[in-house]
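Given next are the chains, with one letter for each unit.
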Amino acid sequence: MSFGAEIRKDFVLDSKTIFVNHASCGALPLDVYNHRLGLVQKMESSPDVWFRLKSESMWKESIDTVAEFLGSKPSNLVFVKSTTVGINAVLRSLKLGRGDSILISSWSYFAVKDTCHELERQQGIEILYVDIPYPLKSKEQLLELYETMLQKHNSICLVLLDVITSVPPVLLPVKQLIAICRKYGKLVLVDGAHVPGHVEANLEDLGADFFTGNLYKWAYAPRDCAVLWIHEKFHGAIMPPVTGYSFYGEGEMWKNYLYQGHGDFTPFYSVGRAIDFYRGIGGREGILDYCSSLVTKAADLLVTRLRTFHYPLPDDMQTPLMRQVALPKLKKYPPVIVPPGEVKRKIHNMMTLMEDILNRFGIMCACVSVDNRAWIRLCASVYNEISDYEKLADAIATLVEEDEEIEV
Amino acid sequence: MAVFGRALMKKEFMLDSSKTFLNQGSYGNAPRRVIECRTGYIRMMEESPDDYFRWKNEDFWLSMVQTVAEFIGSDPQNVVFVQNTTTGINAVIRSLNFEKGDGILINSWTYGNVKNICAYAADTRHVDLYYVDIPFPLKSVDQILTAYEEKLSKHQNIKLAIVDYISSMPPALMPVKEMIALCRKYDTLVLIDGAHTPGQLPLHLDQLGADFYAGNLHKWAFAPRGSAVLWIRPEFHHTIFPVVTSYYDKEVVYKNFFYQGTGDNSTYYSTAEALKFYQEIGGYDKISEYCSKLALDAANLLVKKWKTSLYPMPDNMLPPFMRLIRMPDHKWFPTFKTSADDRKNFCRDNMSLMKTVWERFQIQSVFISIHGQSWCRISASVYNEIQDYEKLADAILTLLDEEK
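Residues numbered from 1 in each chain as written. Chains lettered and ligands numbered in written order. Predicted model: local features only at pLDDT ≥ 70, side-chain atom pairs only at ≥ 80, totals over all residues. Heavy atoms only, no water.

### Overview of the sheet that holds strand β11 (residues 322-326) of chain B
Residues and elements named next belong to chain B. Spelled out, the test is: Note: two strands are recorded as paired if DSSP finds a minimum of 2 bridges between them. We count a stretch as a helix when DSSP gives it H or I for four or more residues in a row; a strand needs E for two or more, and each element gets its number in order from the N terminus. To obtain an axis, a line is fitted to C-alpha atoms, over the contacting stretch when the element is a helix, and the angle between two such axes runs from 0 to 180 degrees between their N-to-C directions. Between two residues, a contact is recorded if the distance between any of their heavy atoms is within 4.5 Å.
Taken together, four strands build an open sheet; the order of strands is β11-β15-β14-β12 and the sheet is antiparallel. Edge strands, defined here as strands with exactly one partner in the open sheet, are β11 and β12 (347-349). Averaged over all pairs of adjacent strands, the angle between strand axes in this sheet comes to 35°, irrespective of strand direction. Relative to strand β14 (residues 366-370), β12 runs antiparallel, the two sharing three bridges. Across the sheet, C347 pairs through a bridge with I370, a residue of β14. Its contacts with the sheet put helix α14 (residues 351-361) on β12 and β14, and the angle it makes with β14 is roughly 155°.

### Quick notes on the packing of helix α3 (residues 32-47) of chain B against helix α4 (residues 49-71) of chain B
Residues and elements named next belong to chain B. Put simply, the rule is: Put simply, Ala, Val, Leu, Ile, Met, Phe, Trp, Tyr, Cys and Pro go in the nonpolar bin, Asp, Glu, Lys and Arg in the charged bin, and everything else, Gly too, in the polar bin.
Where α3 meets α4, the axes come as close as 8 Å, and the angle between the chain directions of the two elements is 150°. Counted together, Y41, M44, M45, E46 and E47 of α3 and P49, Y52, F53, K56, F60 and M64 of α4 form the full contact between these two elements. Residue classes in the contact of α3 with α4 are distributed as eight nonpolar, no polar and three charged.

### A few points about the sheet that holds strand β2 (residues 79-82) of chain B
All names here are of chain B. A sheet is described by the order of its strands in space; here seven strands give the open sequence β2-β10-β9-β8-β5-β3-β4, paired in mixed fashion. Pairing within the sheet leaves two strands with one partner each, and these edge strands are β2 and β4 (128-132). Each neighbouring strand pair of the sheet contributes to a mean axis angle of 20°, computed without reference to strand direction.

### Looking at the pairing of β2 of chain B
All names here are of chain B. Put simply, the rule is: For the exposure calls, accessible area comes from a 1.4 Å probe over protein chains only, and a residue counts as buried if that area is under 20% of its type's maximum, exposed if over 50%, partly exposed in between.
The alternating pattern of β2 places V79 and F81 and V80 and V82 on opposite faces, both of which are buried. Sheet topology places β2 next to strand β10 (residues 228-232); four bridges connect them, and they run antiparallel. Opposite V79, over in β10, you have W231 as the bridge partner.

### Some points on empty space enclosed by the protein
Residues and elements named next belong to chain B. How we decide: A cavity here means a set of 1 Å grid points, computed over protein atoms only, where a 1.4 Å probe fits but cannot escape. A pocket is an open set with protein on both sides within 12 Å along at least 5 of 7 lines, and lining residues have an atom within 4 Å of a point. Grid points are joined across faces, edges and corners, and a volume is the space filled by probe spheres set on the points.
On inspection of all chains with the given rule, the structure shows 12 cavities of 30 Å³ or more. If you trace the second largest cavity, you find 17 residues lining it, with T85, Y111, A195, N216 and K219 closest to the centre. Of all the elements in the fold, those that place two or more residues in the lining of the second largest cavity are α5 (85-95) and α6 (112-125). Per-element tally for the lining of the second largest cavity: the top contributor is α5, with three residues. Of the residues contributing to the lining of the second largest cavity, the split by class is five nonpolar, nine polar and three charged.

By themselves, these figures tell us nothing about what the structure is for.
What follows is the structure in C-alpha cells.
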C-alpha cells in the first residue's frame, strides 16, 4: 500500500495544506464522502420510504458492522453523534445528585470537564479530579493516584477514564484502572474517543459499564458518527440526551437512539464503507506499521531541530499515532501559566499560533499549552510523510528567528 | 414567477419525479440547490476541518442566525439553531428548574415525541403531568380554551404549558394567542411547539408573547433536514442550555448551542439558501396562495371521491397547507373501539397501508388512526398539483374495489 503523497489524493483534504492533526477532526476519504452523498441522494429522492421503511434496517446493519469491528455484541451498541454526546447520555441518565461524586482527571477532555461542571451546577454532583503530575514517572504512579482518590472518597459513584487522552496524548493502562475501580465498587465510563481504528478494541472484554468512541477520527467515517456501548444491566437506564421515542422498556433500547427527531443520519449508515476503506488500506496492522514509525521519527526530528524535548512520559504510555513535543519559548506566543492545583483549566489551545502557522506556512498542526509550556501535539496518518514534519520544523525555526528580534 | 406543481418538482427538487409525494409535513423536502449548498459546506469542512471548526464555524453561525431571525421576526440574540424541534423542546425542559410538585401541561394533540419528553420528565424529576383531552368532535375553539382555563385555574402548580402552534395529528391551527394569554393569567411559562410554522405561517416571535418557541426550518421552509430554531425570551438566556454540553459558557447563550463538538452544522448554514429559494418562488404570499388553495381543493376532492369527511374541527382551525381526511369504511382502513380519553391509543401509524400505497401506486402519504378511526393526512407543497390527489383518490378506490 502506498502511503504518504500517493494516498493523499484519495482524501477530501485540501491539497494546498499540510495536515498533521488527524486526531482533532479526522480526515475523510473521497470514497466514503461520495458514498455518504449517495445516501443523501437516496434520502432526498424518497424521504418517507427512507425514514419509515428503511431507517431501522440500515441502522441495524450498520450496528452489526461496527459491533464486529469493535468486539462488541450488537445489542449493547448504539450510534451517537460523538463521544461527547455519548458521555452526556450516560452522565445525564444516572440519577446522581447531592452527595454523589464523579471522578475525572486533569487530563480529561475539555468537553467532559464542561459537562461535569454543568451537572455540578444542575444537580449538585461533586466533581473530583485526579491531578496528574508533571512529569508522570510511571504507570504505577498513575494507578496509585487513582487508588488513593478512591480510598479517600467514598462518595465517588462513577469514574470516567480515558483510554487515550487528547492533550497530552497518552495511552492509559485502562484495564488496570478499571480493575481498581471495580475493587472499590465504582461505575466505569470509558472515554474512548480515540480508540476506534487506533488501538485494538474488544468492548465485551473491557470490563467497563459504558464506553463511547468516535468513528470519524481514526476509522474514516464521516463526522457525526460515534458509538455508545452500554452494559446489558443498564439497557433500560441510559437514555439519549434527546428524548424522542418512548423510553424504558417500551421498545428496544436502540430505538431511543434512532428516533431523535428528524435529521441526517447518513454518517451512521456510512460506517460500513469507512471500515471497508480502513481494511482495504491495510487495517490496523498496515496503518500502524507506517504511521507509528512515522510519528516517532517526526517527533525526534522536531526535538532535534528545535532543540527541545519530548513530553515526558513512560515509554509504555506513548500512543501509537500521536506525540507531543515542546516548543521553544516564544515571546510572541507565551503559554498559559496555570497555578498549581488548578485542574479544571489546565489545558489550552494556542489559537493565534496555530492560525499563524496555517496562514503563513500552510501547515495545520495542534499547538497546545499545558503544564505551563507550549507544545506541538503531532499526529501521523496515512497521508503524511516525513517531509511534512520537516516543513513544520522549518516553520517553527523561522518563528524562533523572528522571535529573537522581539524586544521584551 | 415560478411555476408551481410537477414542473417545479422536476426543475428544483430531488424527489423522484415519477412518483407522488404528499407528505411535506413529515420530513420536509429541500430543493437540490439547497442540498448542494449544504454539500458545499461539508466539502469545505472535510477539506480543512481544523480551519472550518476553529475559525469559520462561528462566523457562519452568526451570519445564518441573522438571516433566519429576520425570517421569524426575532432579534438574533434570542435565536439558536438546534437539530429539530424535538431537540429544542428537550433543551428547554431539561434546563428549567422544576421542583417536586411542579406541573407541565400538554394535551391529547401534543406531538408524540413531546409527550415522551414530558413523561420522562415526570418520571425522573417528579414533575406532575397534566393533560387536556381535546374533545372529539371539536366544535369550537372555545372548547379548548375553556378546558385550558379549567386546568390552569384548578392546578396553580402548573409551571409550564407546551402549546402547539400548528399540531401534527390532527393537523390544526391552534388558538395560540389566546392560549398564551391564559397562561400569562395563571403565571405559567409557555413553550410553543412551532414545528410546522416556519414557511407555513408568517412569524413574529418577538411579539408572540411566549417564553420559548421551537420550530423546524426543514419542513415548510425548504432547509435540509436537521435545521430548526429555538427562540428563547431574553430573561431566560442564562437558563436554557443545550441537551449536550460541549462548551460551557455562562454568559453568551449561543456559544453553548453553537459549539457541539466537531459536529456538522452544515444544515444550519444552508438555511439562507433555503430562504432565498422560498423568496424566489414567490415568498409567503404566493406560496400561501397556491398551497392553501391546493390543500382546500385536494381535501374537497378526496372527501367527494371517498364519500367521507374532514376531521371534525372548526374551520378557523384548519392549517394552511395540511388536511386530515377520513378513510372509507373498509378493512384496509381499520377502526377499533377506543374512548376519547384513551391516551395510549390516541394516534397510531398505519404502516402496512403506507407501504402498500407506496409500492403499488408510488404515492407517499400518511395513513394513521386517531380515536380508533382511520385517516389520511395530506400536505400541499409547491411541487404538488391537483392531479397528485386525484391519483391518491383513485389508488384508494382501486384498493376498495379489489377487496369486493
